[in-house]
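Coordinate analysis (summary)
Chain by chain, the residues:
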Amino acid sequence: MALTTRRSRLSTALRYALLVAVALVFVFPIVFMVMSSLKPDLQLLRDTTSFNAFLPVGDISLDNYFAAFRRAPVALFVFNSILVTSITVAVSLFLCSMAAFSFVFLNWKGRDVVLAAVIATLIVPFETIAIPLLLVVNNLPWIGPNGLTTGWLNTYHVQIVPWIADALTIFLFVQYFKDLPKDLVEAARIDGATWFQVYARVIVPISGPVIATAAILKFLAMYNQYLWPLMVTQSEAFRPVMVGLQYFFQLNVAWGEVMAYLSLITLPVLVFYLALQRAFIASIASTGIKG
Amino acid sequence: MAGLALKNIHKSFGKVDVIKGVDLTVEHGEFVVFVGPSGCGKSTLLRMIAGLEDITDGELWIGDKLCNEVQPRDRRIAMVFQSYALYPHMTAYENVGFGLTLAKTPKAERDAKIREAARILQMEHLLDRKPAQLSGGQRQRVAIGRAIVRNPEVFLFDEPLSNLDAALRMDMRMELSKLHQDLGATMIYVTHDQVEAMTLADKIVVLNGGIVQQVGTPMELYHRPANLFVATFIGSPKMNLIEVEVKETASGMITVGSQTLDPVAIPAIGAVKPGDTLTLGLRSHHLTLGGEALTGTVALVERLGNETIVNLEVAGGNALIAALDGDTTIERGSSLSLGFAPQNAILFDASGRALDEAVI
Ligand SMILES: Nc1ncnc2c1ncn2[C@@H]1O[C@H](COP(=O)(O)OP(=O)(O)O)[C@@H](O)[C@H]1O
Ligand SMILES: [Mg+2]
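Residues numbered from 1 in each chain as written. Chains lettered and ligands numbered in written order. Predicted model: local features only at pLDDT ≥ 70, side-chain atom pairs only at ≥ 80, totals over all residues. Heavy atoms only, no water.

Looking up chain B in an unreviewed UniProt entry gives the name ABC transporter ATP-binding protein, with the organism given as Devosia geojensis. Quoted verbatim from the Sequence similarities (unreviewed entry) heading of the UniProt record, the comment on chain B is "Belongs to the ABC transporter superfamily." For the record of chain B, the UniProt heading Subcellular location (unreviewed entry) holds the text "Cell inner membrane". (UniProt positions renumbered as here; feature names shortened; annotations may be inferred.)

Within an unreviewed UniProt entry, the label attached to chain A reads sn-glycerol-3-phosphate transport system permease protein UgpE, and the organism entered is Devosia geojensis.

Re the overall build of chain B
When its secondary structure is counted, chain B shows 8 helices and 21 strands. Expressed as a percentage of its 360 residues, the buried residues of chain B come to 52%. Long-range pairs, those at least 24 residues apart, make up 65% of the contacts in chain B with a sequence separation of at least 6. A total accessible area of about 16,100 Å² is found for chain B, and carbon and sulfur atoms account for 48% of it. (Helix = DSSP H or I, 4+ residues; strand = E, 2+ residues; numbered from the N terminus. Buried < 20%, exposed > 50% of the residue type's maximum accessible area, 1.4 Å probe, protein only. Contact = heavy atoms within 4.5 Å. Areas by Shrake-Rupley, 256 points an atom, 1.4 Å probe, with all protein chains shown as cover.)

Side note on the UniProt feature "domain: ABC transporter" (unreviewed entry) in chain B
When the UniProt feature table is mapped to this numbering, "domain: ABC transporter" (unreviewed entry) covers residues 4-234 of chain B. Between the end C-alpha atoms of residues 4-234 of chain B there is a gap of 25 Å, over a span that is 37% helix and 26% strand.

As for the sheet that holds strand E12 (residues 253-257) of chain B
For sheets, the rule is that strands pair by backbone hydrogen bonds, running either parallel or antiparallel. Residues and elements named next belong to chain B. Taking strand neighbours across the sheet as the criterion, the 5 strands line up as E13-E12-E11-E15-E20 in an open arrangement whose pairing is antiparallel. Of all strands in the sheet, those with a lone pairing partner are strand E13 (264-266) and strand E20 (346-348), marking the two edges. Looking at each pair of strands side by side, their axes are set apart by 45° on average, direction ignored. Sheet topology places E12 next to E13; 3 bridges connect them, and they run antiparallel. Counted as the bridge partner of Val256 is Val264 from E13. (Pairing = 2+ DSSP bridges. Axes fitted to C-alpha atoms, helices over the stretch in contact; angles between N-to-C directions.)

Points about the UniProt feature "domain: ABC transmembrane type-1" (unreviewed entry) in chain A
Taking the numbering used here, the UniProt-annotated feature "domain: ABC transmembrane type-1" (unreviewed entry) corresponds to residues 78-276 of chain A. As annotated, residues 78-276 of chain A has a helix share of 67% and a strand share of 4%, and its two end C-alpha atoms lie 20 Å apart.

Considerations on the packing of helix H4 (residues 74-105) of chain A against helix H8 (residues 167-178) of chain A
Residue and element names in this part refer to chain A. Where H4 contacts H8, the axes come no closer than 8 Å and their chain directions differ by 45°. When the interaxial angle is binned, H4 and H8 end up oblique. Helix-helix and strand crossings are classified by hand; for H4 and H8 the assignment is right-handed. Between H4 and H8, the residues in contact are Ser92, Leu93, Cys96, Ser97, Ala99, Ala100, Phe101, Phe103, Val104 and Phe105 and Thr169, Ile170, Phe173, Val174, Phe177 and Lys178, respectively. Here the contact of H4 with H8 is built from residues that sort into 12 nonpolar, 3 polar and 1 charged. (Parallel < 35°, antiparallel > 145°, perpendicular 65-115°, else oblique. Left-handed = near helix turned anticlockwise from the far one by under 90°. Nonpolar A, V, L, I, M, F, W, Y, C, P; charged D, E, K, R; others polar.)

As structure tokens, then:
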């Protein structure tokens, strides 16, 4: 009895030690980034040779942050990224989950072939289609505040539309939906629900876990966009955060400012992640359905 | 009001024929049970009536409306699933009222209907709970409540009791019976359990391999099974079958016998001649002490209190099961003779079809 308790206590301690070690591996770069953003460049470079790199010691100030705002339109970049990312995540999750719903719950000719084709696109790297896609969007029409225009370059929608249909998101939803009991859908059909009502009032409310997962993955992918926005935005007005990072590597590189900028643009990701994590846990608690 | 008519209904999944031409009429207010072994197509047939499966061929009439192409929600049916299929994110109240909410029923009317259903099913105190907080029996009630508020012409049940434990199953069986009397609605009920079928049904439809074997009241199926399948499927213990040879035929009488069985004249009519091989069916409960027709060694005795089940090994390697009086004192290994009344025996021809009973 005493032996097993001691042994289990030991194994708990080991487990925690391991978890702490793993957490540190992930946390240290972030601590380093934030601490460095508070230090002048000379001290920053000197501290990298010691543990001071992770400590708020020496000449601490917010100067780098002010400098970063002077060097680049940081607020604009963050605004652009959040706008493009949130619209894409919302629209993409909505449409991809509906596509998945139809792949799983509706019977239509060629369904399985189409699904296989969609999944197959997962293996195509974006770089291979970047140039053709650029040529395509350059010739597409758009109706906006300026009436009918041709060519999508230097807009928000050129950063949004190509990313809405997403095989990975569809795949995640398909996998989740397949595991849901089919008779829920049938019960709802008998209760008089239209297909859209089945989707919106029965399936979506019990899909919290997959929505959270897909949203986080999509958010990160969109927020980290670099190559595509660099190709399609020549004007500063539409550029997102990752493209904005270039501003800090022109002429003289100020590492403190780079760190300040990175700290700033990491914030939205953290906020989004924490919010979703709470929603995720709440959804499991209320429906008893795990991801 | 709404009865049902199935006319030559077929169902195939790809190349596999699952339902092979079912004809059936269900009167308004009838409690009909589809019974058969697992995989025989009961659920498929029920789901076609519900509109959850396409009908490959044939006609489905609900009331006086041809319903082959009608959406499930427009068929005036309600269905209770084996898994209950409750919406996990809704309370029992919302589950029961979901159909009414979708139909935009005014709030007060909806509330009244939900509370009425809850009252009938004695689950008023459960309405605020979510399915995860309910036991199996309670979920079952909610699922039935959801069907009741739709005020359907036809209730459909797919093995609704098979996830419950034995005691609860018996209670719910009686409640369903009572519910049927109170509501007076048509009910179609699927089960693989012949006891459930016998106890609930006005009319039993025995299915096997996608074909209707027999339609009739529980007593008709018990006393006059149409073929060997029905004979052995209905009734417990299973009907005893003995291979016999025709010795003699007279008007309305066929005399049969075998190594096991002393010749006996059975009142039956059929195109048979001396020398033909038939199968004799005898219910365990029709075997009695004191006859001389069948003699063998007692291989097993099961005392249930109200009756004693005896396994009897007879000549030719056959085994018979007899249900005898509870107080019978019989020892394993002893020798025993049993008799039966000829009019209780049923003869089946070589194709398994029952010969007609001769009225004497
Ligand atoms: N969607 C389906 N696709 C292919 N075969 C099916 C499908 N549903 C049922 N079946 C087959 O049809 C037969 C009858 O099934 P079912 O009606 O569920 O039987 P029961 O309810 O009598 O146990 C089974 O052999 C089953 O495998
Ligand atoms: Mg079934």
